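Observations on chain architecture
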Amino acid sequence: MITSKISLTALDVAHHYDELDDFYRLAWGDHVHHGLWDNENDTRSVEDATLHLLQRVTSTLHLKSGDHLADIGCGYGASSRWLAQTHGLNITALTISEKQTAQARLEPPPSSGHIDYRVEDWLQNSLPDNSLHAAIAIESLAHMEDKALFFQQIHRTLKPGAHAALAVWTTADDLTRLESHLLQKVCEEGRLPGMGTLQEYQQLAASTGLLVTEAVDITPQVERTWWIITRRVLTGLFTNPHYLRFILNRAFRKRIFVLTLPRLLLAYRTGAMRYAIITLQKPH
(Lines give C-alpha, C1' and ligand atoms only; values in the text may rest on other atoms or scores of the structure.)
Protein backbone atom coordinates (compact mmCIF):
# COMPACT_ATOMS: atom_id res chain seq x y z
CA MET A 1 0.00 0.00 0.00
CA ILE A 2 1.40 3.38 -1.04
CA THR A 3 0.49 6.02 1.55
CA SER A 4 0.82 9.78 1.58
CA LYS A 5 3.66 11.07 3.75
CA ILE A 6 1.35 13.80 5.05
CA SER A 7 -1.71 13.05 7.14
CA LEU A 8 -4.89 13.40 5.08
CA THR A 9 -8.42 13.32 6.47
CA ALA A 10 -11.90 13.49 4.95
CA LEU A 11 -11.86 17.24 5.65
CA ASP A 12 -8.71 17.63 3.53
CA VAL A 13 -10.40 15.76 0.67
CA ALA A 14 -13.55 17.90 0.97
CA HIS A 15 -11.52 21.12 0.89
CA HIS A 16 -9.59 19.83 -2.12
CA TYR A 17 -12.74 19.29 -4.19
CA ASP A 18 -14.43 22.46 -2.98
CA GLU A 19 -11.43 24.60 -3.90
CA LEU A 20 -10.83 22.86 -7.22
CA ASP A 21 -14.52 22.91 -8.13
CA ASP A 22 -14.15 25.36 -11.05
CA PHE A 23 -11.08 23.59 -12.38
CA TYR A 24 -12.69 20.15 -12.30
CA ARG A 25 -15.85 21.27 -14.05
CA LEU A 26 -13.86 23.10 -16.74
CA ALA A 27 -11.50 20.19 -17.40
CA TRP A 28 -13.70 17.16 -16.75
CA GLY A 29 -17.31 18.15 -17.28
CA ASP A 30 -20.15 16.38 -15.46
CA HIS A 31 -18.50 12.99 -15.01
CA VAL A 32 -15.42 13.50 -12.85
CA HIS A 33 -13.86 10.15 -13.69
CA HIS A 34 -11.93 8.27 -16.38
CA GLY A 35 -13.27 7.33 -19.76
CA LEU A 36 -13.21 3.84 -21.25
CA TRP A 37 -12.13 3.15 -24.85
CA ASP A 38 -12.42 -0.43 -26.07
CA ASN A 39 -9.25 -0.28 -28.16
CA GLU A 40 -6.79 2.17 -29.72
CA ASN A 41 -9.08 2.62 -32.73
CA ASP A 42 -12.07 3.64 -30.59
CA THR A 43 -12.87 7.24 -31.58
CA ARG A 44 -15.60 8.06 -29.05
CA SER A 45 -15.37 11.43 -27.28
CA VAL A 46 -14.25 11.67 -23.66
CA GLU A 47 -17.86 12.44 -22.69
CA ASP A 48 -19.07 9.25 -24.38
CA ALA A 49 -16.13 7.32 -22.95
CA THR A 50 -16.94 8.35 -19.36
CA LEU A 51 -20.48 7.10 -19.85
CA HIS A 52 -19.08 3.92 -21.39
CA LEU A 53 -17.04 3.35 -18.22
CA LEU A 54 -20.14 3.81 -16.07
CA GLN A 55 -22.03 1.30 -18.20
CA ARG A 56 -19.16 -1.19 -17.90
CA VAL A 57 -18.89 -0.76 -14.13
CA THR A 58 -22.63 -1.25 -13.55
CA SER A 59 -23.14 -4.04 -16.10
CA THR A 60 -22.77 -6.77 -13.45
CA LEU A 61 -25.11 -5.29 -10.83
CA HIS A 62 -28.39 -6.82 -12.07
CA LEU A 63 -30.25 -3.53 -11.56
CA LYS A 64 -34.06 -3.43 -11.50
CA SER A 65 -36.54 -0.57 -11.33
CA GLY A 66 -37.12 0.53 -7.76
CA ASP A 67 -33.79 -0.79 -6.46
CA HIS A 68 -31.95 1.27 -3.84
CA LEU A 69 -28.38 2.06 -4.91
CA ALA A 70 -25.65 4.03 -3.14
CA ASP A 71 -23.33 6.16 -5.29
CA ILE A 72 -20.26 6.45 -3.06
CA GLY A 73 -18.36 9.64 -3.93
CA CYS A 74 -20.97 10.82 -6.42
CA GLY A 75 -19.23 14.01 -7.57
CA TYR A 76 -21.70 16.22 -9.44
CA GLY A 77 -24.24 13.42 -9.59
CA ALA A 78 -24.02 12.73 -13.33
CA SER A 79 -23.67 8.97 -12.82
CA SER A 80 -26.57 8.94 -10.37
CA ARG A 81 -28.80 10.86 -12.77
CA TRP A 82 -28.03 8.52 -15.66
CA LEU A 83 -28.65 5.43 -13.53
CA ALA A 84 -31.88 6.78 -12.08
CA GLN A 85 -33.15 7.77 -15.51
CA THR A 86 -32.09 4.57 -17.25
CA HIS A 87 -33.03 2.01 -14.60
CA GLY A 88 -35.64 3.79 -12.47
CA LEU A 89 -33.49 3.52 -9.33
CA ASN A 90 -33.80 5.16 -5.94
CA ILE A 91 -30.30 6.48 -5.34
CA THR A 92 -28.53 7.80 -2.28
CA ALA A 93 -25.70 9.89 -3.71
CA LEU A 94 -22.94 10.67 -1.20
CA THR A 95 -20.08 13.15 -1.40
CA ILE A 96 -18.15 15.11 1.22
CA SER A 97 -17.93 18.18 -1.03
CA GLU A 98 -20.45 20.94 -0.31
CA LYS A 99 -19.88 22.51 -3.73
CA GLN A 100 -20.38 19.26 -5.61
CA THR A 101 -23.64 18.65 -3.77
CA ALA A 102 -24.85 22.20 -4.44
CA GLN A 103 -24.09 21.83 -8.15
CA ALA A 104 -25.77 18.42 -8.33
CA ARG A 105 -28.94 19.82 -6.78
CA LEU A 106 -29.08 22.52 -9.47
CA GLU A 107 -29.38 19.91 -12.22
CA PRO A 108 -32.85 18.90 -13.46
CA PRO A 109 -34.01 15.76 -11.66
CA PRO A 110 -34.44 12.58 -13.71
CA SER A 111 -37.94 11.82 -14.94
CA SER A 112 -37.56 8.27 -13.65
CA GLY A 113 -36.31 7.13 -10.26
CA HIS A 114 -35.26 9.41 -7.41
CA ILE A 115 -31.96 10.80 -6.07
CA ASP A 116 -31.17 11.89 -2.53
CA TYR A 117 -27.99 13.99 -2.62
CA ARG A 118 -26.18 14.02 0.72
CA VAL A 119 -23.05 15.66 2.08
CA GLU A 120 -21.96 12.58 3.98
CA ASP A 121 -18.81 10.57 4.59
CA TRP A 122 -19.23 6.97 3.45
CA LEU A 123 -17.05 5.79 6.32
CA GLN A 124 -19.60 7.27 8.75
CA ASN A 125 -22.72 6.91 6.61
CA SER A 126 -26.21 6.72 8.13
CA LEU A 127 -27.68 4.09 5.81
CA PRO A 128 -29.43 1.22 7.63
CA ASP A 129 -27.99 -2.26 7.70
CA ASN A 130 -29.00 -4.54 4.80
CA SER A 131 -30.73 -1.67 2.96
CA LEU A 132 -29.01 -1.52 -0.45
CA HIS A 133 -29.71 -3.53 -3.56
CA ALA A 134 -26.44 -2.25 -5.06
CA ALA A 135 -23.58 0.20 -4.59
CA ILE A 136 -21.01 1.83 -6.84
CA ALA A 137 -17.80 3.66 -6.03
CA ILE A 138 -16.08 5.19 -9.03
CA GLU A 139 -12.57 6.39 -8.12
CA SER A 140 -13.52 7.24 -4.54
CA LEU A 141 -11.75 4.42 -2.69
CA ALA A 142 -8.34 6.11 -2.97
CA HIS A 143 -9.75 9.12 -1.08
CA MET A 144 -10.84 6.95 1.87
CA GLU A 145 -8.67 7.25 4.96
CA ASP A 146 -9.65 3.81 6.30
CA LYS A 147 -9.86 1.37 3.43
CA ALA A 148 -10.81 -1.60 5.58
CA LEU A 149 -13.77 0.38 6.94
CA PHE A 150 -14.77 1.26 3.37
CA PHE A 151 -15.35 -2.44 2.64
CA GLN A 152 -16.92 -3.06 6.04
CA GLN A 153 -19.52 -0.39 5.29
CA ILE A 154 -20.30 -2.02 1.95
CA HIS A 155 -20.83 -5.34 3.67
CA ARG A 156 -22.99 -3.74 6.38
CA THR A 157 -25.30 -1.83 4.04
CA LEU A 158 -25.78 -4.35 1.21
CA LYS A 159 -28.69 -6.75 1.34
CA PRO A 160 -27.69 -10.42 1.29
CA GLY A 161 -27.00 -11.41 -2.31
CA ALA A 162 -26.56 -7.79 -3.46
CA HIS A 163 -23.60 -6.53 -5.49
CA ALA A 164 -21.22 -3.57 -5.41
CA ALA A 165 -19.02 -2.41 -8.28
CA LEU A 166 -15.85 -0.37 -7.87
CA ALA A 167 -13.65 1.46 -10.34
CA VAL A 168 -10.36 1.92 -8.54
CA TRP A 169 -6.91 3.41 -8.95
CA THR A 170 -4.34 0.80 -8.00
CA THR A 171 -0.58 0.46 -7.94
CA ALA A 172 1.64 -2.10 -9.62
CA ASP A 173 2.69 -5.04 -7.47
CA ASP A 174 6.43 -4.39 -7.61
CA LEU A 175 7.39 -0.72 -7.49
CA THR A 176 10.87 0.75 -7.73
CA ARG A 177 11.91 3.38 -5.20
CA LEU A 178 11.43 6.11 -7.82
CA GLU A 179 7.97 4.81 -8.71
CA SER A 180 6.99 4.71 -5.04
CA HIS A 181 8.15 8.31 -4.61
CA LEU A 182 6.22 9.34 -7.72
CA LEU A 183 2.98 7.79 -6.42
CA GLN A 184 3.47 9.32 -2.98
CA LYS A 185 3.58 12.77 -4.60
CA VAL A 186 0.43 11.93 -6.59
CA CYS A 187 -1.26 10.93 -3.33
CA GLU A 188 -0.22 14.10 -1.53
CA GLU A 189 -1.24 16.49 -4.31
CA GLY A 190 -4.44 14.60 -5.18
CA ARG A 191 -5.45 14.25 -1.51
CA LEU A 192 -5.32 10.45 -1.60
CA PRO A 193 -4.47 8.94 1.81
CA GLY A 194 -3.24 5.85 0.00
CA MET A 195 -3.49 3.46 -2.95
CA GLY A 196 -3.27 -0.31 -2.80
CA THR A 197 -2.65 -3.04 -5.31
CA LEU A 198 -5.54 -4.91 -6.89
CA GLN A 199 -4.65 -7.93 -4.77
CA GLU A 200 -4.63 -5.88 -1.55
CA TYR A 201 -8.12 -4.54 -2.26
CA GLN A 202 -9.40 -8.05 -2.97
CA GLN A 203 -7.95 -9.23 0.31
CA LEU A 204 -9.56 -6.34 2.23
CA ALA A 205 -12.93 -7.10 0.66
CA ALA A 206 -12.66 -10.82 1.41
CA SER A 207 -11.68 -10.10 5.02
CA THR A 208 -15.13 -8.53 5.58
CA GLY A 209 -16.94 -11.54 4.14
CA LEU A 210 -17.56 -10.08 0.69
CA LEU A 211 -17.13 -12.31 -2.37
CA VAL A 212 -14.97 -10.97 -5.20
CA THR A 213 -16.84 -11.95 -8.37
CA GLU A 214 -14.69 -9.93 -10.78
CA ALA A 215 -11.31 -8.19 -10.61
CA VAL A 216 -9.93 -6.98 -13.92
CA ASP A 217 -7.19 -4.51 -14.81
CA ILE A 218 -8.35 -2.15 -17.59
CA THR A 219 -5.47 0.34 -17.53
CA PRO A 220 -4.84 0.36 -21.32
CA GLN A 221 -8.51 1.19 -21.92
CA VAL A 222 -8.60 4.25 -19.62
CA GLU A 223 -5.08 5.70 -19.85
CA ARG A 224 -6.08 7.99 -22.73
CA THR A 225 -8.14 10.06 -20.28
CA TRP A 226 -5.15 11.89 -18.80
CA TRP A 227 -3.69 12.82 -22.18
CA ILE A 228 -7.03 14.37 -23.12
CA ILE A 229 -7.36 16.23 -19.81
CA THR A 230 -3.78 17.51 -20.04
CA ARG A 231 -4.41 18.74 -23.59
CA ARG A 232 -7.61 20.46 -22.42
CA VAL A 233 -5.78 22.21 -19.59
CA LEU A 234 -2.91 23.38 -21.81
CA THR A 235 -5.34 24.60 -24.46
CA GLY A 236 -7.43 26.33 -21.81
CA LEU A 237 -4.42 28.19 -20.43
CA PHE A 238 -3.90 29.81 -23.84
CA THR A 239 -7.51 30.29 -24.93
CA ASN A 240 -9.64 30.64 -21.80
CA PRO A 241 -8.84 33.61 -19.51
CA HIS A 242 -10.74 31.93 -16.69
CA TYR A 243 -8.18 29.10 -16.60
CA LEU A 244 -5.27 31.52 -16.29
CA ARG A 245 -6.95 33.65 -13.63
CA PHE A 246 -7.74 30.51 -11.67
CA ILE A 247 -4.17 29.20 -11.79
CA LEU A 248 -2.56 32.57 -10.97
CA ASN A 249 -4.97 33.44 -8.17
CA ARG A 250 -2.85 33.76 -5.01
CA ALA A 251 -5.84 32.72 -2.92
CA PHE A 252 -5.84 29.37 -4.72
CA ARG A 253 -3.73 27.30 -2.34
CA LYS A 254 -3.68 24.13 -4.42
CA ARG A 255 -2.22 25.46 -7.67
CA ILE A 256 0.46 22.78 -7.26
CA PHE A 257 -2.23 20.23 -8.17
CA VAL A 258 -1.93 21.32 -11.80
CA LEU A 259 1.67 20.08 -11.71
CA THR A 260 0.47 16.60 -10.80
CA LEU A 261 -0.85 16.08 -14.34
CA PRO A 262 2.61 15.21 -15.72
CA ARG A 263 3.17 12.97 -12.70
CA LEU A 264 -0.01 11.06 -13.49
CA LEU A 265 0.98 10.71 -17.13
CA LEU A 266 4.37 9.36 -16.08
CA ALA A 267 2.82 7.01 -13.50
CA TYR A 268 0.57 5.48 -16.15
CA ARG A 269 3.33 5.39 -18.77
CA THR A 270 5.73 3.52 -16.47
CA GLY A 271 2.99 1.15 -15.30
CA ALA A 272 3.36 2.23 -11.67
CA MET A 273 -0.28 3.34 -11.55
CA ARG A 274 -3.04 0.99 -12.67
CA TYR A 275 -6.82 1.05 -13.00
CA ALA A 276 -9.21 -1.79 -12.25
CA ILE A 277 -12.85 -2.79 -11.90
CA ILE A 278 -13.82 -4.91 -8.90
CA THR A 279 -17.27 -6.45 -8.44
CA LEU A 280 -18.30 -7.71 -5.02
CA GLN A 281 -21.23 -9.67 -3.66
CA LYS A 282 -22.54 -10.03 -0.14
CA PRO A 283 -23.26 -13.73 0.39
CA HIS A 284 -26.87 -14.84 0.73
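Structure first, text after, so check above.
Quick look at the structure, then. (Residues numbered from 1 in each chain as written. Predicted model: local features only at pLDDT ≥ 70, side-chain atom pairs only at ≥ 80, totals over all residues. Heavy atoms only, no water.)

**Description of the nonpolar core**
If you look at the biggest cluster of nonpolar residues, it comprises 70 residues, and the most contacted ones within it are W122 and F150. No other element matches the 8 residues that strand β6 (residues 158-171) contributes to this core. Apart from residues no more than four positions distant in its own chain, W122 is found in contact with A70, I72, L94, L127, L132, M144, F150, Q153, I154 and T157. (Core = buried A, V, L, I, M, F, W, Y, C linked by side-chain atoms within 4.5 Å. Buried < 20%, exposed > 50% of the residue type's maximum accessible area, 1.4 Å probe, protein only. Helix = DSSP H or I, 4+ residues; strand = E, 2+ residues; numbered from the N terminus. Contact = heavy atoms within 4.5 Å.)

**Comments concerning the environment of A165**
You can see A165 is positioned in strand β6. Take A165: its relative accessible area is 0%, and that puts it in the buried class. Distance in space between the C-alpha atoms of A165 and A134 is 8.1 Å, their sequence separation being 31 residues. Sequence-distant contacts of A165, that is, excluding residues within four places in its chain, are made with V57, L61, A135, I136, A137, I278 and T279.

**Quick look at the pairing of strand β3 (residues 90-95)**
In terms of residue burial, β3 counts as a mostly covered element, since 5 of its 6 residues are buried. Bridge count between strand β2 (residues 68-72) and β3: 5 bridges; the pairing is parallel. Within the sheet, the bridge partner assigned to D71 lies in β3 and is A93. Where the polypeptide runs from β2 across helix α4 (residues 78-87) and back to β3, its parallel neighbour, the crossover connection is right-handed. When β3 meets strand β4 (residues 114-119), the two strands line up parallel, connected through 6 bridges. When the bridges of β4 are listed, I91 appears paired with I115. Running through helix α5 (residues 98-106), the crossover from β3 to the neighbouring parallel element β4 is right-handed. (Pairing = 2+ DSSP bridges. Right-handed = clockwise from strand over helix to strand, strands pointing away.)

**A closer look at the pattern of salt bridges**
Once the charged atoms of two side chains with opposite charge are near each other, the side chains can pair. Scanning all chains against the criterion turns up 11 salt bridges. E188 is the salt-bridge partner of K185, the closest N and O atoms lying 3.5 Å from each other. With K185 and E188 both in helix α7 (residues 177-190), this residue pair falls 3 residues apart, about one helical turn. In this structure K185 comes out as partly exposed when scored by relative accessible area, which is 25%. A cluster of three or more residues bridged by salt bridges with shared partners is formed by D38, D42 and R44. (Salt bridge = Lys/Arg side-chain N within 4 Å of Asp/Glu carboxyl O.)

**Thoughts on helix α8 (residues 198-207)**
Looking only at α8, the buried set comprises L198, Y201 and A205. Taken down its axis, α8 places every buried residue within 65° of arc, on the same side. In this fold, the buried residues of α8 make contact with α6 (147-157), β6, β7 (194-195), β8 (211-217) and β9 (273-281). G209 sits one or two residues past α8 and shows a positive phi near 100°. (Arc of directions from axis to C-beta.)

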